[in-house]
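# Overview (structure and organization)
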Amino acid sequence: MTRFITATIAAITLAGAAGAADLKICVEGAYPPFSETATDGSVVGFDIDIANALCSDMGKECEMLKTDWDGIIPALLERKCDAIIASMSITEDRKQVIDFSAKYYNTPGRFVGKDGMTEADLEGKVVGVQRGTIHQNFMEGEFPGIELKLYGSQDEVYLDLVAGRIDAAMADSIAILDGFINTDAGEGFAFFGGSYSIPKYHGDGAGIGVRQSDTDLRDAFTQSITNIRESGEYETINSKYFEFDIYGG
Amino acid sequence: MRFDLVFANWELFAGGVWMTMQLTVLSVLIGFCIALPCGIIRARGIKYANGLVNAYVYVFRGTPLLVQLYLIYYGLAQFDFVKDSFLWPVLREAWWCALITLSLNSGAYATEIIRGALQTTPKGEEEAATALGLTRFKVYALVLLPSALRRALPQYGNEVVFMLHGSAVASIITLQDILGAGRTLNAKFYVAYEGFITAAILYICLTFMLVGLFRLAEGRFLRHLRIDAGDRISPKAIAMR
């Protein structure tokens, strides 16, 4: 019996060790088209392609670790992964806890709702946002009177928007466009209101999160972002998902 | 450690405690109302009805609470006929979806508790009551149920604690219960430990309150079954009581 237990423990430990890569990257998997879970359970999307391109540029072997948004910063701090590539915006709040590479894209936030809705209609309505995002902070800061519903993932926001439990959602414009409006579920829904990119809330675009002690890794990512921009690899990935350059000014 | 953030956001947790208590107490009460008739049907093995109740109990005890909540909250919302029906104003609200799911779940478990208690009631109690000329309804209302429900108390206490802990799934469908408060604190300030340990402590406090209440109730309602010091009754005699 004891031998059996020892063997089992050894097998589990070995299985764990076999998957050890140079770098473990936390990705999300519920934020299309940047990151979504494919039918076979693997995570695909712009973030993942960028992650792979950056890893091969740095000459490292990377393993993608699917992590819930709520737990993604704790996972980095607890060393379950070494970097976050999950469309995470570079904000002052987050910089208190983790460090960021330079941005790898920058797109504004927008409202989405039933076709024909305007910002003036928002009074007394319910808006859904993903919990702990720049969009939550933006809504609380700029639209304090409007009832907010907080969701664990962006996919759940869309589900409730279609169900009619919320009247509108605030999120990244590209995420809304390709993850929702351009899909079957998004029929009859459209953007409304302005394009918001206020540094106080929205930060300086999406960057790669690393632990504050890992300055070398941070600089390596920043360098690799420049490299893949120059080599044209970024453009190849970009055009796979979007019709225009989302790197931003 | 940033427990100052917990204190600065105490209203978040106070609201969470209130939400959790609402969901737990109401779902246990509604669950009991479901379980009472269902338990009797199961114990008596009433034709047809027994099969129906059996199916309900089977489904709700056989699937995880989280799956039930997803089906009722996200699943039902997918059908247009549900969204067009008179039920939608209720099913639209996350709170109602959570309450319905928890009540049905609690009802299924409680049905089995009540069935068990009824079936272990000594035959003599029913025979004595019938011999006194009581109607079938009165036999249940005055004799069998008071006796069975008392003996079900300890198990029912377990079920209520289970519901308290089960209600934590409500935080997944946007409700700000105790766990929801912890998650919000974590999402806003990235303090996983402080937020969740506070939630855990609050759950423990509520659990002990419930356990205490049930102990009081057991002391009162099960007094006749207690073995006092010096009482020389054989275990068999106790079972006969």
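Here the structure is shown first, and the text comes after it.
Residues numbered from 1 in each chain as written. Chains lettered and ligands numbered in written order. Predicted model: local features only at pLDDT ≥ 70, side-chain atom pairs only at ≥ 80, totals over all residues. Heavy atoms only, no water.

Quick look at the nonpolar core now. If you look at the biggest cluster of nonpolar residues, it comprises 97 residues, and the most contacted ones within it are Phe34, Phe46, Tyr104, Tyr105 and Phe221 of chain A. If you tally residues by element for this core, the top one is helix H9 (residues 136–166) of chain B, at twelve residues. A domain split of this core shows at least three residues from each of domain 1 (17–106 + 204–241) and domain 2 (109–202) of chain A. Residues contacting Phe34 of chain A, with those up to four places away along its chain left out, are Val44, Gly45, Phe46, Asp47, Ile48, Ser87, Tyr105, Asp172, Ile174, Ala175, Phe242 and Ile246 of chain A. Residues Leu122, Ile146, Tyr196 and Tyr201 of chain A belong to the second largest nonpolar core, which totals 15 residues. (Core = buried A, V, L, I, M, F, W, Y, C linked by side-chain atoms within 4.5 Å. Buried < 20%, exposed > 50% of the residue type's maximum accessible area, 1.4 Å probe, protein only. Helix = DSSP H or I, 4+ residues; strand = E, 2+ residues; numbered from the N terminus. Domains from an automatic or database assignment. Contact = heavy atoms within 4.5 Å.)

Another point: the packing of aromatic side chains. Residues and elements named next belong to chain A. Within this structure, the stated rule accounts for 28 aromatic pairs over all chains. With a centroid separation of 5.9 Å and an interplanar angle of 85°, the aromatic rings of Phe46 and Tyr105 are classed as edge-to-face. In this pair, Phe46 sits in helix H2 (residues 46–58) while Tyr105 sits in strand S7 (residues 99–105), placing the two residues 59 residues apart along the sequence. Judged by its relative accessible area of 0%, Phe46 is buried. Classification of Tyr105 as buried rests on a relative accessible area of 2%. Relative to Phe242, the ring of Tyr241 has its centre 6.1 Å away and its plane inclined at 40°; by these criteria the two rings are tilted. Across this residue pair, the class does not change: Tyr241 and Phe242 are buried. (Phe/Tyr/Trp six-rings, centres within 6.5 Å; stacked < 30°, edge-to-face > 60°.)

Below, the discussion takes up the environment of Ala94 of chain B. Position of Ala94 of chain B relative to the elements: it lies in helix H7 (residues 94–119). With relative accessibility at 3%, the residue Ala94 of chain B sits in the buried group.

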